[in-house]
Each structure stands twice: as structure tokens, then as C-alpha cells.
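Working through the structure, step by step
What follows is each chain in one-letter form.
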Amino acid sequence: MRKPIIAGNWKMYKTFSEAKEFVEEVKGLAPDASKVDSVICAPALFLQQLQASVEGSTLQIGAQTMHEEKEGAFTGEISPAQLADLGIPYVIIGHSERRQYFNETDASVNKKVHAAFEFGLTPIMCVGETLEQRESGSTGSIVENQVAEGLKGLTEEQASKTVIAYEPIWAIGTGKTATAEDANEVCGIIRKKVAALYNDETAQQIRIQYGGSVKPANIEELLGMEHIDGALVGGASLETESFVKLLEAGLHA
Ligand SMILES: O=C(CO)COP(=O)(O)O
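The name an unreviewed UniProt entry assigns to the protein is Triosephosphate isomerase, from the organism Planococcus chinensis. In the Subunit (unreviewed entry) part of its UniProt record, the protein is described as follows: "Homodimer." UniProt, in its Catalytic activity (unreviewed entry) section for the protein, records the words "D-glyceraldehyde 3-phosphate = dihydroxyacetone phosphate".

Below is the structure:
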């Protein structure tokens, strides 16, 4: 049995005051950590204080991106060592917005995934196709390639601990969700690819999230699918009420 992982990706939303208030309210409502992993990926600026505020609760804090080097002259960046020192457990790597606006590539994603493991962080590695790629029928090959390049060089143990988020770009922030069947089909393709790259055991262990307009109204159907082990949620993670409902859905997955 794979433990569901429900993660909010706040992107560049919320002030620190709003973030702190949200976390104070939600931290006592997050499910038992042995049943669901509940994560908020917050802006880097808030990580230290939010991490201190969730101590002793089942809510966990993640970062939205990081640099691949331990340290260096990279103005404005944050490093895996800095995240690890704060005790941050998760980091999103290669979100489609990072690929689109900040020139991240499969090669840089792969370096960052390696760096995450080097510093004891769990990467949430994002993959997904554009609308054009979906319409041309190349979803499977695009996503398989992103998975193969992203996981390249990882040990079996590291690969099995990686969280892969399948986020079709056309479903992000658009209100258009992939149908549960379509999402499951692609998550199944991802799992099969992991089996081909490693073995069946690794493929059975790796957790695959779906992301793209997930909300309380559709999460249960998505989580009911064989290959969907969680959700990476933007808009619906910004309100306490809907985020708590999403976490609760994880309990019934
Ligand atoms: O990009 C996403 C999560 O990383 C999805 O965003 P929405 O849930 O707002 O579509």
C-alpha cells in the first residue's frame, strides 16, 4: 500500500501573515501522518517560520524549487543545504512554471533531484505535457522521456522514494481537470516506465500524484484510481476549508 501524499503548492500567493494564520489553523486538522502525508509548499521566504510553527504536528512544509549546488555565487537562489538545515522534508522540482518561465530543463531537473537526495530532501518531480502535445498524441512519449531523464542515475532506493507529480500543463489553473481515467492512464504509463527503468518493486513503491485543477469536488474520484497516490494542488490549497477537505480525502484513498 502506498501512503497518499496531498501537497499544496502555494506558488507566489499569500503574505507571511496570511501564511502563518493558515498554518496555525490547519496544523491541528491534518490527518495522522502514518495514513497521509500532508504538505504545504510555501514561498521560500516563509519556510523557516512555518517549519518552526508545524513542529510536533502532522502538517509538513515543503519548498517550491531550489538550486542544484550546495552553495555558491548564485544571487537570489536557495540551496539544498539551506533547506535541509531548516529541516524541510520536501521540495518541488521542475514544476512546469519553472520549466516555462525559468528555463529549467530535464537536465537541470535531474541535477536538482540528485541534489535533493544528497541533502536528505524528498523531491516532488513534476512532469506533464502541453495541450499541443496531448492533441498530437505524444503525451505518453513526452512524459516517459521526462521521467527517464529526471530519474537518470538515481539508485533504486532513491527512485522508489521520489514523488512524481503528473501535471498536464493544460489543466493547471484552467479549471480543466483531466478525467480521472485519463489521469490514471498517464500515471500508469509513468509507473510502467519506472518498472522498465528499474524493476516492478520500485514501480510499486514510487508515489505518483496528479495535479491540475484538483479540488474537493474531484479529488476522491482521482484518488480512487489505481495509479494515483496523491495530489499536487494549486488554487484549492489556498483556502483552509478546501485544503482540509483535500487532506481528509487522502484518508479515504
Ligand atoms: O500547478 C499546480 C500545482 O502544482 C496545479 O495548480 P491548480 O490546482 O491551481 O490547477
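On we go from here.
**A few points about the site of the ligand**
Residues in contact with the ligand amount to 13 residues; listed here are only the nearest, K11, H95, G173, S213 and G235. Separating an oxygen atom of the ligand from a backbone N or O atom of G173 is a distance of 2.6 Å. Taken by itself the ligand offers 310 Å² of open surface, and the protein chains cover 95% of this. Split by residue class, the shell around the ligand holds four nonpolar, seven polar and two charged.

**A word on the sheet that holds strand β8 (residues 230-233)**
Each strand in a sheet pairs with another by means of backbone hydrogen bonds, the pair being arranged parallel or else antiparallel. Pairing is parallel around the closed barrel formed by eight strands, whose spatial order is β1-β2-β3-β4-β5-β6-β7-β8. Strand-to-strand twist in this sheet, taken as the mean axis angle between neighbours without regard to direction, amounts to 25°. The strands that helix α12 (residues 240-251) touches are β1 (5-9), β2 (37-41), β3 (59-63) and β8; relative to β1, the one it contacts most, it runs at about 160°.

**Observations regarding the packing of helix α11 (residues 216-223) against α12**
Put simply, α11 and α12 touch, their axes get as near as 9 Å, and they point 15° apart. Viewed along their axes, α11 and α12 adopt a mutual orientation that is roughly parallel. Of the two elements, α11 crosses α12, and the hand of that crossing is right-handed. Facing P216, I219, E220 and L223 of α11, the residues of α12 in contact are S242, K245, L246, A249 and G250. Broken down by class, the residue content of the contact of α11 with α12 amounts to five nonpolar, two polar and two charged.

**Concerning the layout of surface pockets**
Counted as a void, the largest pocket has a volume near 620 Å³. Every residue lining the largest pocket is counted, 20 residues in all, and those nearest its centre are K11, M12, Q64, T65 and R98. Its volume calculated, the second largest pocket comes out at about 200 Å³. Along its surface, the second largest pocket is lined by 17 residues, and K11, G173, S213, G234 and G235 are the ones closest to its centre. The residue inventory of the lining of the second largest pocket, partitioned by class, reads seven nonpolar, eight polar and two charged.

**Section: the UniProt feature "binding site: substrate" (unreviewed entry) in the protein**
Feature annotation in UniProt assigns "binding site: substrate" (unreviewed entry) to the following positions: N9, W10, K11, G173, S213, G234 and G235. Across 227 residues, the annotated set stays spatially compact, with a maximum C-alpha separation of 14.0 Å. For the largest pocket, the lining residues among the annotations just cited are N9 and K11. By secondary structure assignment, the location of K11 is in the loop between β1 and α1 (16-26). Classification of K11 as buried rests on a relative accessible area of 19%.

About the thresholds
Residues numbered from 1 in each chain as written. Predicted model: local features only at pLDDT ≥ 70, side-chain atom pairs only at ≥ 80, totals over all residues. Heavy atoms only, no water. UniProt positions renumbered as here; feature names shortened; annotations may be inferred. Near = heavy atom within 4 Å. Polar contact = N/O pair within 3.5 Å; in protein donor to acceptor, adjacent residues only side chain to side chain. Areas by Shrake-Rupley, 256 points an atom, 1.4 Å probe, with all protein chains shown as cover. Nonpolar A, V, L, I, M, F, W, Y, C, P; charged D, E, K, R; others polar. Pairing = 2+ DSSP bridges. Helix = DSSP H or I, 4+ residues; strand = E, 2+ residues; numbered from the N terminus. Axes fitted to C-alpha atoms, helices over the stretch in contact; angles between N-to-C directions. Contact = heavy atoms within 4.5 Å. Parallel < 35°, antiparallel > 145°, perpendicular 65-115°, else oblique. Left-handed = near helix turned anticlockwise from the far one by under 90°. 1 Å grid on protein atoms, 1.4 Å probe; cavity = no way out; pocket = protein on both sides within 12 Å on 5 of 7 lines; lining within 4 Å. Points joined across faces, edges and corners; volume = space filled by probe spheres on them. Buried < 20%, exposed > 50% of the residue type's maximum accessible area, 1.4 Å probe, protein only.

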